[in-house]
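An overview of the molecular structure
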Amino acid sequence: MITKRILIIILSFLGLIAVGILIWSIYKKGFLRSKVTEAVSGGSMGIYSISFDKFDLDEVNGNLSVSNVHLQPDTVRFNQLAETEDAPGMIAKVQIPSLQVAGVKTPKALLDKEVEGRKVLIENPVIELYFTNKGKDSANRVPDKELYEQLLGNLAKIAIDTVSIVNATVITRNLKGGDKLMQFDSVQIDLYKVAVDSIHSKDSTRFLFAESAGLLCKKIQWKDKRGLYEFVVSEVDFNTRGQRMSLGRFSMNPQLPEAKFLQQFKYANDRFDIDLKDVQLVNLNVAALMRQSIAADSLIVTNSNFKIYRDLSYPHDGKSRLNDLPHQALMRMPVPLVIKQVSFPQSFIEYKERNGKSDQSGKVQFYNVNVAISNLTNDTTALKADPICKLRFHSRFLNKAPLTANIDFYPLDKMGKFTINGTMGAMPAITLNQLTVPMGLAKIEKGTIRKMTFNFTSNIHGANGPLTLLYDDIGVTLLKKDEETNTLDKKKLASLMAKIVLRKANPGKDGEVRTAQVKFERDTKKSFFNLLWKSVFTGVKENVGM
């Protein structure tokens, strides 16, 4: 039988245990709060301070709940480091309304400086990243890894089964001035089997210290420095397990109408309007991506539109474009690139040009474009094994004539060598008036184009090769602008001379096919596309006798 004395002793003992648990609970929270604060400050060289409101730890089940977490950079401390190479290339400002950790092994955290847990859930954070342009090689440092290492501090290890960041907003800025560079909306990041320690940090197969990772982002947007373009990327889906990345859409949107846009420049310039839908990178090399290079089996852009506008009434800038051919620009890219196959199965391309002499614009349009590119790379080792980048182009020119072209680029060739051959099918010659009238002040009155073929060997200095244009019963009228009425009128004497000189058909009455041997010397101040167009135009003029 339990006596009254024994009962008092037991109750007193239980009371002491309860008081001890209460005291430990209060002390433990304060202890962990101070340790977290010390770890963040010490591990970041005093750049960061951390604060939070509610801090609940269930030691038995290993659950931790923290609310209103604020990670704040100390600008005074950063400025002290700014004169040294110890200053980080980027600092962060983070607000987390809710952070939850499940399955924490508290004794290991306290005794062994190892944080192990089952799951971390971060909800609705706002993360602002400031580029400082300071420190050692700040332009090439990987920001996320840098931040992880800073926040690890004096801990020996962080190991979490799953880290989920839900509905995050990420904003990047320049530290000087605070101008917004990019914004990422509705970001979700899932990291699986995260391990941050001296061993796993050297594992090149990991992404953000995770064995596998997934990233979703509803929208990314930014503007160029002058505010002339807005770039928008939507529905980003990146998964390291599937080694794939997809974009629902990418668009490059000019912010001003054509005429007003070009008024922002002193010299002639191009205005681009680009829209890409359903973009996929297949079998993406994640380890290469972490080394800041892009390697994949294929890049597929399911649907795309490219529009370019240029006004020739503006003066030319006079800059040399001698070594600006596409494959030369590819070799100068700062990011290593190896993509085996690139496909644009359904595209529309338009080049619109305003001629100041006619005060009108012509449109060169390609419908139902299908482009395939193989061996797209600037890796010299890969190019030594396969030195040719091949482009295959199929379309309907002006939505009338089938047009195919094959271009072989030689990226390692010092003279920028490339070859191009193509074939265009039949169409009524008057179809070309939408180009020849505004752009060339010439109106085609009648005739049929039956076929055009060309085969050029080209480099930075020009193009050489045969071009054959087969046509019947061509008639052309030359035009001039009437300044009073602002209309295009017939140049009677010049049109008469053209009628005399112009060869009305190929083959002619003798049945012989005329082939022009093009030797076109490039204007090195003009673009690759000018080189192609002028080479073809030179051959066409010779075929028709102009």
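See the structure shown above.
Read on for a plain summary of the structure. (Residues numbered from 1 in each chain as written. Predicted model: local features only at pLDDT ≥ 70, side-chain atom pairs only at ≥ 80, totals over all residues. Heavy atoms only, no water.)

1. Points about the overall build of the chain
- What the chain contains, in helices and strands, is eleven helices and 23 strands.
- Looking at the chain residue by residue over its 546 residues, the buried ones come to 40%.
- Sequence-distant contacts in the chain: of pairs separated by 6 or more residues, those separated by 24 or more amount to 63%.
- Accessible area of the chain: about 29800 Å², with a carbon and sulfur share of 56%. (Helix = DSSP H or I, 4+ residues; strand = E, 2+ residues; numbered from the N terminus. Buried < 20%, exposed > 50% of the residue type's maximum accessible area, 1.4 Å probe, protein only. Contact = heavy atoms within 4.5 Å. Areas by Shrake-Rupley, 256 points an atom, 1.4 Å probe, with all protein chains shown as cover.)

2. With respect to a positive patch on the surface
- Judged by side-chain charge, Lys-357, Lys-480, Lys-490, Lys-491, Lys-492, Lys-499, Lys-504 and Lys-509 come together as a positively charged surface patch.
- With respect to the helices, strands and loops of the structure, Lys-499 is situated in helix H10 (residues 492–501).
- Classification of Lys-499 as exposed rests on a relative accessible area of 56%. (Patch = residues over 30% accessible without salt bridge, like charges linked within 9 Å, V, L, I, M, F, W, Y side chains within 5 Å. Salt bridge = Lys/Arg side-chain N within 4 Å of Asp/Glu carboxyl O. Lys, Arg positive; Asp, Glu negative; His and termini not counted. Charge placed at Lys NZ, Arg CZ, Asp CG, Glu CD.)

3. Quick notes on the packing of aromatic side chains
- For the structure shown, the criterion picks out 15 aromatic pairs.
- Consider the rings of Phe-366 and Phe-397, whose centres lie 5.6 Å apart with planes at 45 degrees: the pair is tilted. Separated by 31 residues along the polypeptide, Phe-366 in strand S15 (residues 360–377) and Phe-397 in strand S16 (residues 389–397) bring together distant segments of the chain.
- Accessibility expressed as a relative area gives 17% for Phe-366, which makes it buried.
- Put simply, the rings of Trp-222, Tyr-229, Phe-231, Phe-250, Phe-261 and Phe-265 pair up and form one aromatic cluster.
- Directly above the aromatic system of Phe-265 lies the positively charged group of Arg-226, at a separation of 4.8 Å from the ring centroid.
- The ring of Tyr-192 is capped by Arg-241, whose NZ or CZ atom sits 4.7 Å from the centre of that ring. (Phe/Tyr/Trp six-rings, centres within 6.5 Å; stacked < 30°, edge-to-face > 60°. Lys NZ or Arg CZ within 6 Å of the ring centre and 35° of its normal.)

4. Regarding the pairing of strand S13 (residues 294–311)
- Judged from the twelve bridges that link them, strand S12 (residues 270–282) and S13 form a sheet pairing that is antiparallel. Within S13, the residue paired with Asp-270 across the bridge is Arg-310.
- Sheet analysis places S13 next to strand S14 (residues 337–355), joined by 14 bridges and oriented parallel. Its bridge partner being in S14, Ser-298 is matched across the sheet by Gln-341.
- Note that the unit made of S13, helix H7 (residues 326–331) and S14 has a crossover that is right-handed. (Pairing = 2+ DSSP bridges. Right-handed = clockwise from strand over helix to strand, strands pointing away.)

5. So, the pattern of salt bridges
- Taken as a whole, this structure holds 16 salt bridges when the rule is applied.
- Two residues, Arg-332 and Asp-324, come together in a salt bridge whose shortest N-O distance is 3.0 Å.
- With a relative accessible area of 48%, Arg-332 lands in the partly exposed category.
- Here the residues in one salt-bridge network are Asp-311, Arg-354, Asp-359 and Lys-481, joined through shared partners.

6. Some words on the side chain of Arg-310
- If you trace the backbone, Arg-310 turns up in strand S13.
- Side chain to side chain, Arg-310 and Asp-270 meet in a polar contact 2.8 Å long.
- With residues up to four places along the chain from it excluded, the contact list for Arg-310 reads Leu-262, Ala-268, Asn-269, Asp-270, His-316, Tyr-351, Lys-352, Glu-353 and Arg-354. (Polar contact = N/O pair within 3.5 Å; in protein donor to acceptor, adjacent residues only side chain to side chain.)

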